[in-house]
Amino acid sequence: MKITKFSHYLDKLEKTTLRNEITAILADLLKKSSPEEIDKICYLVLGELAPSFRGIEFNLEEKMVLRSLSLAFNLPPEKVTEKFKETGDLGETALALRGKTKGKDFSVQEIYHHLLEIALEEGEGSQERKLRKLAFLFKEVDKSFLKYLARIPVGKLRLGFSEITILDALSWMKTQDKSLRPKIERAFNIAADIGLIAKVFKTKGLRGIEKIQAKPGTPILAARAERLPTAEKIMEKLGTCFAEPKFDGFRVQIHIDRRPPEKTFQKQTTLLGSSSEPLVAIFSRNLENITDMFPDVVKGARALLQKNSSLQSAILDGEAIGYNPKTKKFLPFQKTVQRKRKYDIGRVSKEVPLLVFVFDILFHNGKTLLKEPFSKRRKILEKVLVANPVLKLTPQKKVSSAQELKKEFQKAIKQGLEGLVCKKINAVYQAGARNFNWVKYKKSMESKLVDTIDCVVMGYYRGRGKRAGFGIGAFLVGIYNPQKETFDTIAKIGTGLSDKQWQQMRKKCDQVKVSEKPKSYRVNKNLAPDVWCRPQIVVEIQADEITKSPIHTAAGGLALRFPRLKRFRDKLPEDATTTKEVLEMYQIQTNGSRS
Ligand code: AMP
């Protein structure tokens, strides 16, 4: 496909906010894409070059793109900056500066490879080389693509949809409706690479999609837990089940393969040294590649391979938590989370040593285990996890009565843990799903509102009075509506943050602020914040109860009473609490049960 044709689709996508229209445009684009280019087209419409877990980033700031424009069009930097101030958008700036020259109609694949080359530049002088290569494209490429070319390297190509809409579009491409989406999505949950899914679907159809297997190096979407308010209700729902401690750390998916990583994989596994070493990769619940942050966990995984000669490959699911080796006590979440960092890794890993409590195994010696019952996966896990200094087997107790469950719960609380996760004995591992295969039983369940709510920060209001100094006085949060792919407001929060948290919130918000309300937001105009943020920051909110509201858009008008910030969460915005969950929590709160 030529870049002029591709740009034409991007123009159409940019103009609409209607979900069905976006889906139909994407479906048409994917239909016209060849099998060789469809993966690249999927990444490009999302403003990326590869799935985020591959760690391929441009590492270019706005001001570098401005410099590149000045070089491309041979203009003084002040003139470029001036235009940028006037338009407020890199894309419009590039268009305005380029003038009338049309440019070359490259193929999408050519453009993709140029962009990839820019992103892969590393080492000394790489910024200058990136800048020059980008300037070449600014000068040469057909004008229709210029706007998008300027936005992609700084992560600002936002057309208002995610991978999920591409899954719909793939179905639409074949059947003119969304009926195939559940099957395609199931495959995506097992191998979260949208380009790969599109390519397989294009070339091998639904049959190919149904055969997609897990593979070390490509993350699997994490299974999630439902919630129920009492031990009795949990027993009623699950019957005899396994109760496991709920560790309050962060989710890690550890991939191990005795064979070295594939070439595309090497960039983000710098820690692994030579490419002849086994693959070890760690992914977060957000599907980020966090391998480099945890040298101690990598070492633990390596030790496992050394100690267990029958282990060829595995994908392990677990929770990492900080602990104090002297007192043998777990560290609070605020301390554990300090390990998620890009700098000072060596020092902090000594200060906050981690243990990973592995609770599941999703792949073993070349075989996907997702469809095996949990009890069987657990047996395999017990054999795989030979004594290891970092990777520990999650303790587990089979319970058959509410009384036993309560006893386990008290034990966990005494150990300073959050509570329990109760698991159905024979359940499959349903990647990406939140269902009653796992049910959490947490301390906060005794309060009126049965659980905290994970919300997306949608924008903030400038402060008055004391907080004027921070430039933020309140912020607006919303929950996720997966049916409509929208974020709907549920609370405006103006109290309960420490000075440090306000500063932190302002900083985080400013990093993701946008000039207009994002397309996916449903906000009553009386609630419009002074500064909009794109959906990126996820916060855990505690509130007293859920009430009806005439102004909030969540679940047809529900709001949080006395909302307060508990902590920043490491989650995808689409992983925020959903409309359905809030409705269920509202029902639990009003009736004491789900109807
Ligand atoms: P929540 O984040 O409140 O939805 O609770 C589910 C999370 O609990 C999972 O995503 C894990 O990160 C964490 N967790 C801690 N211990 C366990 C466990 N034993 N089994 C499953 N998840 C656990």
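Residues numbered from 1 in each chain as written. Predicted model: local features only at pLDDT ≥ 70, side-chain atom pairs only at ≥ 80, totals over all residues. Heavy atoms only, no water.

**A few points about the overall build of the protein**
Along the protein, the regular secondary structure elements total 20 helices and 22 strands. Here the C-alpha radius of gyration of the protein, 25 Å, is about what a compact globule of 595 residues would show, namely 25 Å. Each principal axis of the C-alpha atoms in the protein carries an extent, and together these give about 75 × 60 × 55 Å. The buried share of the protein, reckoned over its 595 residues, is 58%. Restricting to contacts in the protein with at least 6 residues of sequence separation, those with at least 24 account for 71%. Of the roughly 26,400 Å² of accessible surface on the protein, a fraction of 51% belongs to carbon and sulfur atoms. (Helix = DSSP H or I, 4+ residues; strand = E, 2+ residues; numbered from the N terminus. Rg over C-alpha atoms; globule rule 2.2 N^0.38 Å. Buried < 20%, exposed > 50% of the residue type's maximum accessible area, 1.4 Å probe, protein only. Contact = heavy atoms within 4.5 Å. Areas by Shrake-Rupley, 256 points an atom, 1.4 Å probe, with all protein chains shown as cover.)

**Quick notes on the environment of Phe106**
With respect to the element layout, Phe106 can be found in the loop between helix H6 (90-98) and helix H7 (108-120). Classification of Phe106 as buried rests on a relative accessible area of 4%. Considering only alpha carbons, one finds Phe106 and Ala528, 422 residues apart in sequence, at a separation of 42 Å. Beyond its immediate stretch of four places on either side in the chain, Phe106 contacts Lys2, Ile3, Ile111, His114, Phe136, Glu140 and Val141.

**Topic: the site of the ligand**
What surrounds the ligand is a group of 16 residues, the closest being Arg251, Arg285, Glu319, Lys423 and Lys440. With respect to the ligand, the side chain of Glu244 contributes an N or O atom lying 3.0 Å from a nitrogen atom. Between the ligand and Phe247 there is a distance of 3.1 Å, counted from a nitrogen atom to a backbone nitrogen or oxygen. Within the complex, 96% of the 490 Å² of free accessible area of the ligand lies under protein. Contributing elements (two or more residues each) for the shell around the ligand: strand E2 (241-246), strand E11 (419-424) and strand E12 (434-442). Among the residues forming the shell around the ligand, the class breakdown is five nonpolar, one polar and ten charged. (Near = heavy atom within 4 Å. Polar contact = N/O pair within 3.5 Å; in protein donor to acceptor, adjacent residues only side chain to side chain. Nonpolar A, V, L, I, M, F, W, Y, C, P; charged D, E, K, R; others polar.)

**Brief notes about the domain arrangement of the protein**
One can read the domain layout of the protein as domain 1 (47-154), domain 2 (224-442) and domain 3 (453-591). A C-alpha centroid distance of 34 Å is found between domain 1 and domain 3. (Domains from an automatic or database assignment.)

**Considerations on the sheet that holds E12**
Judged by pairing direction, the sheet is mixed, and its five strands sit side by side in the order E1-E12-E11-E2-E10 without closing on themselves. Edge positions in the open sheet fall to strand E1 (224-227) and strand E10 (397-399), since each of these has one partner strand only. Each strand axis lies, on average, 45° off the axis of its neighbour in the sheet, ignoring direction. Relative to E11, helix H18 (residues 402-414) is tilted by about 140°, and along the sheet it contacts E2, E10, E11 and E12. (Pairing = 2+ DSSP bridges. Axes fitted to C-alpha atoms, helices over the stretch in contact; angles between N-to-C directions.)

**Quick notes on the nonpolar core**
Phe6, Phe138 and Phe145 are the most contacted members of the largest nonpolar core, which has 80 residues in total. With near-sequence residues (within four places) excluded, Phe138 lies in contact with Val65, Ser68, Leu69, Ala72, Phe73, Ala94, Arg98, Leu146, Leu149 and Ala150. Within the second largest apolar cluster, 33 residues are counted, among which are Tyr460, Ile493, Trp502 and Leu558. (Core = buried A, V, L, I, M, F, W, Y, C linked by side-chain atoms within 4.5 Å.)

**Focus on the pattern of salt bridges**
One pass over the full model with this rule turns up 48 salt bridges. Put simply, Arg569 and Asp454 hold a salt bridge, and the shortest N to O gap is 3.6 Å. Highlighted residues: Arg569 in strand E22 (residues 564-569) and Asp454 in strand E13 (residues 453-461), separated in sequence by 115 residues. Its relative accessible area of 24% is what places Arg569 among the partly exposed residues. Between Glu545 and Arg561 there is a salt bridge, with the nearest N and O atoms lying 3.2 Å from each other. Here Arg561 lies in strand E21 (residues 558-561) and Glu545 lies in strand E20 (residues 545-548), a separation of 16 residues in the sequence. One salt-bridge network, in which partners are shared between bridges, spans Glu14, Asp89, Glu92, Lys147 and Arg151. (Salt bridge = Lys/Arg side-chain N within 4 Å of Asp/Glu carboxyl O.)

**Thoughts on the environment of Leu159**
With respect to the secondary-structure elements, Leu159 resides in the loop between helix H9 (146-151) and helix H10 (163-175). Relative accessible area serves as the criterion here: at 5%, Leu159 is assigned to the buried category. Setting aside anything within four residues of it in sequence, one finds Leu159 in contact with Leu10, Leu13, Glu14, Ile22, Val45 and Lys519.

**Quick notes on the packing of H10 against helix H12 (residues 194-210)**
A pair of packed helices can be characterised by two numbers: the angle between their axes and the separation between those axes. Running from amino to carboxyl end, H10 crosses H12 at an angle of 10°, the nearest separation of the two axes being 11 Å. By the angle between their axes, H10 is roughly parallel relative to H12. When H10 is examined against H12, the residues Glu163, Ile166, Leu167, Leu170, Ser171, Met173 and Lys174 are found in contact with a partner set consisting of Ile194, Ile197, Ala198, Phe201, Lys202 and Gly205. In terms of residue class, the contact of H10 with H12 is built from eight nonpolar, two polar and three charged. (Parallel < 35°, antiparallel > 145°, perpendicular 65-115°, else oblique.)

**A short note on the packing of aromatic side chains**
All chains considered together, the criterion is met by 15 aromatic pairs. Ring centres of Phe145 and Tyr148 lie 6.3 Å apart, and the angle between their planes is 45°; on these two criteria the pair is classed as tilted. There is no split in this pair, since Phe145 and Tyr148 are both buried. Seen in terms of ring centroids, Tyr521 and Trp532 are 6.1 Å apart; in terms of plane orientation they differ by 50°. Their pairing is tilted. Of this pair, Tyr521 sits in strand E17 (residues 521-522) while Trp532 sits in strand E18 (residues 531-533), and the two are eleven residues apart along the sequence. Across the pair, Trp532 and Tyr521 agree in class, each one buried. Each member of the aromatic cluster is reached from another via a ring pair, and the members are Tyr480, Phe487, Tyr521 and Trp532. Sitting over the ring of Phe250, Lys340 keeps its end group 5.0 Å from the ring centre. For the cation-ring pair, Lys508 lies above Phe568, with the distance from its terminal atom to the ring centre recorded as 4.7 Å. (Phe/Tyr/Trp six-rings, centres within 6.5 Å; stacked < 30°, edge-to-face > 60°. Lys NZ or Arg CZ within 6 Å of the ring centre and 35° of its normal.)

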